[in-house]
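# Structural description and commentary
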Amino acid sequence: MNMSPSFSDSFANARPIAEHCAELTWRGPRPEERAENLTAWRRDLGSELSQELGQLFSGGKFKVALGEPEFVTGETVFERVGVVAANSLLRCGEGDQTMLLSLDYPTAIALTDCSFGGDGHAPEETPAQLPRSASLLIEKVASLVAQVVVMSSGGTQRVKGDVLVRSESITRLKPFGGEARVAFFPITMGMSDGAQWNAILAVANDRLDDLLPGANFGTPTDNSNRLPSDGTTGPFAAMPLSLEAVLGEFSLSLSKLNTLAPGDEIPLAMQRELPLRIGDQTVVHGTLGTVENRMALRVTRLPKSAINQPFTPANAAPNDRDTA
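Residues numbered from 1 in each chain as written. Predicted model: local features only at pLDDT ≥ 70, side-chain atom pairs only at ≥ 80, totals over all residues. Heavy atoms only, no water.

### A look at the overall build of the protein chain
Tallying secondary structure elements over the protein chain gives nine helices and eleven strands in all. Expressed as a percentage of its 324 residues, the buried residues of the protein chain come to 39%. Counting contacts in the protein chain only where the partners sit at least 6 residues apart, residues at least 24 apart contribute 65% of the total. Carbon and sulfur atoms form 52% of the exposed surface of the protein chain, whose accessible area is close to 19,100 Å². (Helix = DSSP H or I, 4+ residues; strand = E, 2+ residues; numbered from the N terminus. Buried < 20%, exposed > 50% of the residue type's maximum accessible area, 1.4 Å probe, protein only. Contact = heavy atoms within 4.5 Å. Areas by Shrake-Rupley, 256 points an atom, 1.4 Å probe, with all protein chains shown as cover.)

### Things to note about the sheet that holds strand β10 (residues 281-291)
Within a sheet, adjacent strands bond to each other through the backbone by hydrogen bonds, running parallel or antiparallel. The sheet built from four strands is open, its strands ordered β8-β9-β10-β11 with antiparallel pairing. The sheet terminates laterally at β8 (243-245) and β11 (294-301), the two strands that pair on one side only. In this sheet, adjacent strand axes meet at a mean angle of 40 degrees when their direction is disregarded. Sheet topology places β10 next to β11; seven bridges connect them, and they run antiparallel. The residue of β11 that forms the bridge with Thr287 is Arg298. (Pairing = 2+ DSSP bridges. Axes fitted to C-alpha atoms, helices over the stretch in contact; angles between N-to-C directions.)

### Some remarks on empty space enclosed by the protein
Under the defined criterion, the tally for this structure stands at two cavities of 30 Å³ or more. Lining the largest cavity, in full, are Leu49, Leu53, Val64, Leu101, Leu103, Leu111, Val141, Val145, Ile187, Met189 and Ala199. Of the volumes computed, that of the second largest cavity is approximately 40 Å³. For the second largest cavity, the full set of lining residues is Thr98, Met99, Leu100, Pro175, Phe176, Ala202, Val203, Ala204 and Arg207. Among the secondary structure elements, those contributing two or more residues to the lining of the second largest cavity are β4 (98-103) and β7 (196-204). (1 Å grid on protein atoms, 1.4 Å probe; cavity = no way out; pocket = protein on both sides within 12 Å on 5 of 7 lines; lining within 4 Å. Points joined across faces, edges and corners; volume = space filled by probe spheres on them.)

### A look at the environment of Glu75
Looking at the secondary structure, you find Glu75 in helix α4 (residues 74-81). The class of Glu75 is partly exposed, set by a relative accessible area of 41%. Distance in space between the C-alpha atoms of Glu75 and Arg181 is 9.3 Å, their sequence separation being 106 residues.

### Let's talk about the nonpolar core
In this structure, Trp41, Leu53, Phe57, Phe185, Met189, Trp197 and Leu201 are the most contacted members of the largest nonpolar core, which totals 48 residues. Looking at this core, the elements with two or more residues in it are α3 (31-54), β1 (62-66), β3 (86-92), β4, α5 (105-115), α6 (132-152), β6 (181-191) and β7. Per element, the largest residue contribution to this core is eleven residues, and it comes from α6. Once you skip the residues sitting within four places of it in the chain, Phe185 turns out to touch Leu38, Trp41, Arg42, Leu66, Gly67, Pro69, Ala199, Ile200, Leu201, Val203 and Leu208. (Core = buried A, V, L, I, M, F, W, Y, C linked by side-chain atoms within 4.5 Å.)

### Here's the deal with the pattern of salt bridges
Going through the model one piece at a time under the given rule, you end up with six salt bridges. Note that Arg42 is salt-bridged to Glu68, the shortest N-O span being 3.5 Å. On the criterion of sequence distance, the pair formed by Arg42 in helix α3 and Glu68 in the loop between β1 and β2 (70-73) is long-range, its members being 26 residues apart. For Arg42, a relative accessible area of 13% gives the class buried. Judged by its relative accessible area of 58%, Glu68 is exposed. (Salt bridge = Lys/Arg side-chain N within 4 Å of Asp/Glu carboxyl O.)

### Remarks on the packing of α5 against α6
Pairs of packed helices are described in terms of their axes, by the angle between the two and the distance that separates them. Axis separation between α5 and α6 bottoms out at 9 Å; the angle between their running directions is 90 degrees. When the axes of α5 and α6 are compared, the pair comes out roughly perpendicular. For the pair formed by α5 and α6, the contact residues are Ala108, Leu111, Thr112 and Ser115 on the first element and Ser133, Ala134, Leu137 and Ile138 on the second. (Parallel < 35°, antiparallel > 145°, perpendicular 65-115°, else oblique.)

### A few points about the pairing of β1
The alternating pattern of β1 places Phe62, Val64 and Leu66 on a buried face and Lys63 and Ala65 on a face that is not buried. Pairing of β1 with β6, which is carried by five bridges, proceeds in the antiparallel orientation. Directly across from Ala65, in β6, lies its bridge partner Thr188.

### Some words on the packing of aromatic side chains
Counted according to the given criterion, the structure contains three aromatic pairs. With 5.9 Å between their ring centres and 10 degrees between their planes, Phe78 and Phe176 make a pair best called stacked. Separated by 98 residues along the polypeptide, Phe78 in helix α4 and Phe176 in the loop between α7 (170-173) and β6 bring together distant segments of the chain. The residues Phe78 and Phe176 share a single accessibility class, namely buried. Its guanidinium or amino end placed over the ring of Phe184, Arg80 lies 4.9 Å from that ring's centre, counting from NZ or CZ. (Phe/Tyr/Trp six-rings, centres within 6.5 Å; stacked < 30°, edge-to-face > 60°. Lys NZ or Arg CZ within 6 Å of the ring centre and 35° of its normal.)

What follows is the structure, encoded as structure tokens:
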């Protein structure tokens, strides 16, 4: 092919204009690089958690260790966590970088007992609901874990780690999809006298690399001009949330629960105002009625924690059970 000089020069002049965006030149970590950074992250995270969580407990040196990750589906994680557990969705960076922290109820109660100077042994019977003291401790533990994850990943003080929302139901919490590939980290916590407890830390595999220190494999972003979200804009504005209107609450022993059969009657005391909740947090109160032949809730008031503060996952109170 014989190209005239003028035609060839036109391509030569255009060549310097071509530039590749970061998304095209981005590369993921090689397997050996990811393994090294993952090992360092697990080691540093365990060391930092040992120091931070150790301040909550007495009676000996506190030790935290993260096991080798197992890569499973989200549905497998849901099965291992179980129907009821102390689940916390942690925000570990900017945007939608989240992780799941889960402890079963016996572990939550054992840790609470240890924080009050007890031996930290799990109860013989698992309660249907966590005591308030255990809920407060898990809230503090989850917040510390989120902060330590951010710092261990090389985050700055400007990037915060906190608890987005808590729920006893992991499927209601929806930390990731059932078909998603998830990195599942077993956590072992123990005292020098031999008492040990287990927990779970899980993160979607496609978000794991952003947590690894020094990897810097993520696509660079400029957040300098990002405006704070008011709940109607920002990365969480379109996130679907499952709400529930609670008609009534009552206590039932575990033995009675296990013997329920068709035909049994359970009396319910209806409240004048019903709480509308996201997980364990009450968003509004309302009265029950109908709209166009369908049941509806008329909003009557907001809980005190929500007055003058729009709801967003970032400011969600982890365990606000402000019921009427």
